[in-house]
Amino acid sequence: MVRLAVFASGNGSNFEAIYEKKQKYDVCVLICDKRNAFVLYRAKRLMIPSYVIERSSYRTLEEYEEDILMVLKKYQVDWIALAGYMRIVGNVLLKAFPRRILNIHPSLLPLYPGKEAIKQAIDNHAKTTGITIHYIDSGIDTGEIIAQAIVDILPNMDEETVKDAIQKQEHLLYPQIINQLIEEEANETGTY
Ligand code: GAR
């Protein structure tokens, strides 16, 4: 079974959906960069080991990621899913996991990258937005796109209700794509 690490910074609803819909992978560890994040309570409840590793405790991004890498090696992690992890991924992790780090973003990239993607769409009076699952590269939400889904912004919707609609889609599509990519890789390499 493929061993997946999830990285998160906040609520962790995607973390939980990824855990619940696991078929081709096990969620073996949570990496969190915020000590008070709600995702830590979810991990505890699901009995998934979690590590709080805060960027502010390190001088450089490389040192920060070297410590994360040590944990990933300890748990023999194969794939990483970022789920509301609000940081740029640096070279240490990119080199260690080439095309094995995924991200989910609440917009139809390349539209509305970065922070507050839902607010950006609403401020722009967009009638539709959506979600994107993509590989991570060294940019902000710029990696190769794997899958997208459209979410309508109806006239009576505000940021909160758009977010609810987006997250409903995320919780379905993200685990589905992770399972699918892992299965495809296994079929290609004949290692399943
Ligand atoms: C998700 O909607 C995800 O798309 C977004 O953060 C939210 C985390 O929710 N990610 C980004 O904005 C990344 N640029 P969650 O903590 O409940 O899973």
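Before reading on, note that the structure itself is shown above.
Throughout what follows, the structure given in this document is the object of discussion. (Residues numbered from 1 in each chain as written. Predicted model: local features only at pLDDT ≥ 70, side-chain atom pairs only at ≥ 80, totals over all residues. Heavy atoms only, no water.)

So, helix H2 (residues 39-46)
Next up, step 1: Of all the positions in H2, only Val39, Leu40, Arg42, Ala43 and Leu46 are classed as buried. In an axial view of H2, the angular spread of the buried residues amounts to 160°, which keeps them on one side of the axis. Facing away from the buried side of H2 by more than 90 degrees, the exposed set consists of Tyr41, Lys44 and Arg45.
Next up, step 2: Where the residues of H2 are buried, they touch strand S1 (2-8), helix H1 (13-20), strand S2 (25-32) and strand S3 (50-52). (Buried < 20%, exposed > 50% of the residue type's maximum accessible area, 1.4 Å probe, protein only. Helix = DSSP H or I, 4+ residues; strand = E, 2+ residues; numbered from the N terminus. Arc of directions from axis to C-beta. Contact = heavy atoms within 4.5 Å.)

A few points about the pairing of strand S5 (residues 101-105)
Next up, step 1: Of all 5 residues in S5, 5 are buried; the element is thus mostly enclosed.
Next up, step 2: Of the two faces of S5, the one holding Ile101, Asn103 and His105 and the one holding Leu102 and Ile104 are both buried throughout.
Next up, step 3: In this structure, strand S4 (residues 79-82) lies alongside S5, joined through 3 bridges in parallel fashion. Across the sheet, the residue bridging to Leu82 is Asn103, located in S5.
Next up, step 4: Tracing the backbone out of S4, into helix H4 (residues 91-96) and back to the parallel element S5 gives a crossover that is right-handed.
Next up, step 5: Strand direction decides the pairing type here: S5 and strand S6 (residues 128-135), joined by 4 bridges, are antiparallel. Of the residues in S6, the one forming a bridge with Leu102 is Tyr135. (Pairing = 2+ DSSP bridges. Right-handed = clockwise from strand over helix to strand, strands pointing away.)

Here's the deal with the nonpolar core
Next up, step 1: One finds Leu4, Phe15, Ile18, Leu30, Tyr174 and Ile178 to be the most contacted residues of the largest nonpolar core, which totals 41 residues.
Next up, step 2: Among the elements that take part in this core, helix H6 (residues 159-189) stands out by supplying 8 residues, more than any other.
Next up, step 3: With near-sequence residues (within four places) excluded, Leu4 lies in contact with Ile18, Tyr25, Asp26, Val27, Cys28, Val29, Trp79, Ile80, Ala81 and Ile178.
Next up, step 4: In this structure, Val29, Ile68, Tyr85 and Leu93 belong to the second largest nonpolar core, which totals 23 residues. (Core = buried A, V, L, I, M, F, W, Y, C linked by side-chain atoms within 4.5 Å.)

Some thoughts on the side chain of Thr132
Next up, step 1: Relative to the assigned elements, Thr132 resides in strand S6.
Next up, step 2: Overall, Thr132 belongs to the buried group, its relative accessible area being 0%.
Next up, step 3: A polar contact of 2.6 Å, which involves the side chain of Thr132, links it to the backbone oxygen of Ser107.
Next up, step 4: Each residue touching Thr132, except ones within four places of it in the same chain, is listed here: Asn103, Ile104, His105, Ser107, Leu108, Leu109, Ile145, Ala147 and Gln148. (Polar contact = N/O pair within 3.5 Å; in protein donor to acceptor, adjacent residues only side chain to side chain.)

Some points on the layout of surface pockets
Next up, step 1: Of the pockets and cavities examined, the largest pocket occupies roughly 920 Å³.
Next up, step 2: For the largest pocket, the lining is made up of 37 residues, of which Gly84, Tyr85, Met86, Pro106 and Gly114 are closest to its centre.
Next up, step 3: Take the lining of the largest pocket: its biggest share by element is 6 residues, from H6. (1 Å grid on protein atoms, 1.4 Å probe; cavity = no way out; pocket = protein on both sides within 12 Å on 5 of 7 lines; lining within 4 Å. Points joined across faces, edges and corners; volume = space filled by probe spheres on them.)

Focus: a negative patch on the surface
Next up, step 1: Residues Glu116, Asp158, Glu159, Glu160 and Asp164 make up a contiguous surface patch of negative charge.
Next up, step 2: For Asp164, a relative accessible area of 47% translates into the label partly exposed. (Patch = residues over 30% accessible without salt bridge, like charges linked within 9 Å, V, L, I, M, F, W, Y side chains within 5 Å. Areas by Shrake-Rupley, 256 points an atom, 1.4 Å probe, with all protein chains shown as cover. Salt bridge = Lys/Arg side-chain N within 4 Å of Asp/Glu carboxyl O. Lys, Arg positive; Asp, Glu negative; His and termini not counted. Charge placed at Lys NZ, Arg CZ, Asp CG, Glu CD.)

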